[in-house]
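The primary structure of each chain is shown beneath.
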Amino acid sequence: MGLLFLDRVTLTSPTNLVSFDNIPQTGLDLVVKSSVQSSTYNNVVMKINGYDLSTGYKNKVLYLRNNPLDGAVADPSGPPVIYGTEVADANTFGNAETTIFNYASTYTKQTISEFAAANSSEGLSYSTVGISYNSYFPAGYFSSTAAVSRVDFATITGDFSTGSTFSLYITTED
Amino acid sequence: MSEIPTKLIVDLSKPVGERETIVPLTAEEIAEAEVRQVEAEARKEAEALALAEKQAAKESANSKLAALGLSAEEIAAITGA
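Residues numbered from 1 in each chain as written. Chains lettered and ligands numbered in written order. Predicted model: local features only at pLDDT ≥ 70, side-chain atom pairs only at ≥ 80, totals over all residues.

(A) Up close: the overall build of chain A. In terms of helices and strands, chain A carries zero helices and 13 strands. In sequence order, the secondary structure elements of chain A are arranged as β-β-β-β-β-β-β-β-β-β-β-β-β. Classification of the 174 residues of chain A by burial places 43% in the buried group. Taking the intrachain contacts of chain A between residues at least 6 apart in sequence as the baseline, contacts between residues at least 24 apart amount to 79%. (Helix = DSSP H or I, 4+ residues; strand = E, 2+ residues; numbered from the N terminus. Buried ≥ 20, exposed ≤ 12 C-beta atoms within 10 Å, placed from the backbone. Contact = placed C-beta atoms within 7 Å.)

(B) Quick look at the overall build of chain B. Helices and strands together make up the secondary structure of chain B, namely two helices and two strands. Start at the N end of chain B and walk to the C end: the helices and strands fall as β-β-α-α. In terms of overall dimensions, chain B is more spread out than a globule: its C-alpha atoms have a radius of gyration of 25 Å, far above the 12 Å expected for 81 residues. In terms of overall dimensions, chain B has C-alpha extents of about 75 × 30 × 20 Å along its principal axes. Of all 81 residues assigned to chain B, the portion counted as buried reaches 7%. (Rg over C-alpha atoms; globule rule 2.2 N^0.38 Å.)

(C) Examining the environment of Glu73(B) more closely. Positionally, Glu73(B) belongs in helix 2 (residues 72–79). For the pair Glu73(B) and Leu8(B), spaced 65 residues apart in the sequence, the C-alpha separation amounts to 55 Å.

(D) The arrangement of the nonpolar core in detail. Ranked by internal contacts, the top residues of the largest apolar core, which has 32 residues, are Val18(A), Leu30(A), Val32(A), Met46(A), Val148(A), Val151(A) and Phe153(A). At the level of secondary structure, the elements contributing two or more residues to this core comprise strand 2 (17–21), strand 3 (30–36), strand 4 (43–48), strand 12 (151–155) and strand 13 (165–172) of chain A together with strand 1 (6–11) and helix 1 (27–67) of chain B. Leaving out residues up to four positions away in the same chain, Val32(A) has contacts with Thr98(A), Val151(A), Phe166(A) and Leu168(A). (Core = buried A, V, L, I, M, F, W, Y, C linked by C-beta atoms within 7 Å.)

(E) Spatial organisation of unusual backbone geometry. Residue and element names in this part refer to chain A. In the Ramachandran plot, Asn22 falls in the positive-phi region, its phi being about 55 degrees despite a non-glycine side chain. Within the secondary structure, Asn22 is located in the loop between strand 2 and strand 3. Under the C-beta neighbour-count criterion, Asn22 is labelled partly exposed, with 14 such atoms within 10 Å. Phi is positive for Asn102, close to 50 degrees, though the residue is something other than glycine. With respect to the secondary-structure elements, Asn102 resides in the loop between strand 9 (94–101) and strand 10 (110–118). For Asn102, a count of 17 C-beta atoms within 10 Å corresponds to the partly exposed category.

(F) A look at the pairing of strand 3 of chain A. Residues and elements named next belong to chain A. In terms of burial, strand 3 is a largely internal element, five of the seven residues being buried. As judged from the seven bridges shared by strand 3 and strand 9, these two strands associate in the antiparallel manner. Bridge pairing in strand 9 places Lys33 opposite Glu97. (Pairing = 2+ DSSP bridges.)

(G) Spatial organisation of the interface of chain B and chain A. On the chain A side, the residues contacting the 25 residues of chain B number 26 residues. For the side of chain B that touches chain A, the secondary structure elements donating two or more residues are strand 1 and helix 1 of chain B. Looking at the side of chain B that touches chain A element by element, the count peaks at 11 residues for helix 1 of chain B. When grouped by side-chain class, the residues that make up the side of chain B that touches chain A number 11 nonpolar, four polar and 10 charged. Bridge count between strand 2 of chain A and strand 1 of chain B: five bridges; the pairing is parallel. Opposite Val18(A), over in strand 1 of chain B, you have Leu8(B) as the bridge partner. (Nonpolar A, V, L, I, M, F, W, Y, C, P; charged D, E, K, R; others polar.)

(H) Highlighting the confidence of the model for chain B. Residues and elements named next belong to chain B. Looking at chain B as a whole, the pLDDT averages 86, with 94% of positions reaching at least 70. Considering each helix and strand of chain B separately, the mean pLDDT is smallest for helix 1, with a value of 83, and largest for strand 1, with 96. In the predicted complex, the global pTM is 0.79; the interface-specific ipTM is 0.81. (pLDDT = per-residue confidence, 0-100.)

(I) Expanded view of the pairing of strand 4 of chain A. Residues and elements named next belong to chain A. With five of six residues buried, strand 4 is to be regarded as a mostly interior element. Taken together, the two bridges between strand 4 and strand 5 (residues 51–52) define a ladder with antiparallel strand orientation. By the bridge assignment, Ile48 is partnered in strand 5 with Tyr51. From the end of strand 4 to the start of strand 5, which pair antiparallel, there are two residues, and Asn49 there has a positive phi angle of about 55 degrees.

Written as structure tokens, this is what we have:
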């Protein structure tokens, strides 16, 4: 199985929403690697085919942090938080790889998995009350059998900072 | 959020170099963003309350264990703190 590069964007100005549209339907799985930061502790939400995942999306999240060392599993009840970003810092980004399996299929519900981590000891900011997690592993499914041709990423508050990047790939049989 | 919120559209049906367009958010998208922000604030308050309650329960439990004669090390050993 190979990973075919489709595109990469680097934000040149603060941007609230990044949308990949008319995604080729020739791959097996859709993979988005992102490295983002925001002007404040923040979270990222994803939309599929223009639909907010606040309805029809079921997921569980495993959080891990180093200090204190612990882990927790949560069943998020809020909006479909995909991963946290980080406070604005020239060297600090929230990094994540998000996979939508069988994205071109019209027979299966869209299953999404992700792992995310920040390149600082502060970790990702899933919680807006100051709890940071070094690693964040959400997985779930979206109750839609429509093939995925568009994915959007947005911050809950504010913008993605300049320098944030999004790279899009598809997996292939070759 | 910047003064005029924008979105970057990457249209993968177009040739490389012609794919990216930056446009202002629509009124509907701005409204969605505002809803997300309000929901985040509500969740923040709920999380803060839950965290405070959990911390209070932990402190209460530790106090009761100490009153039974357990040392701080023994309490840490059984609570994993």
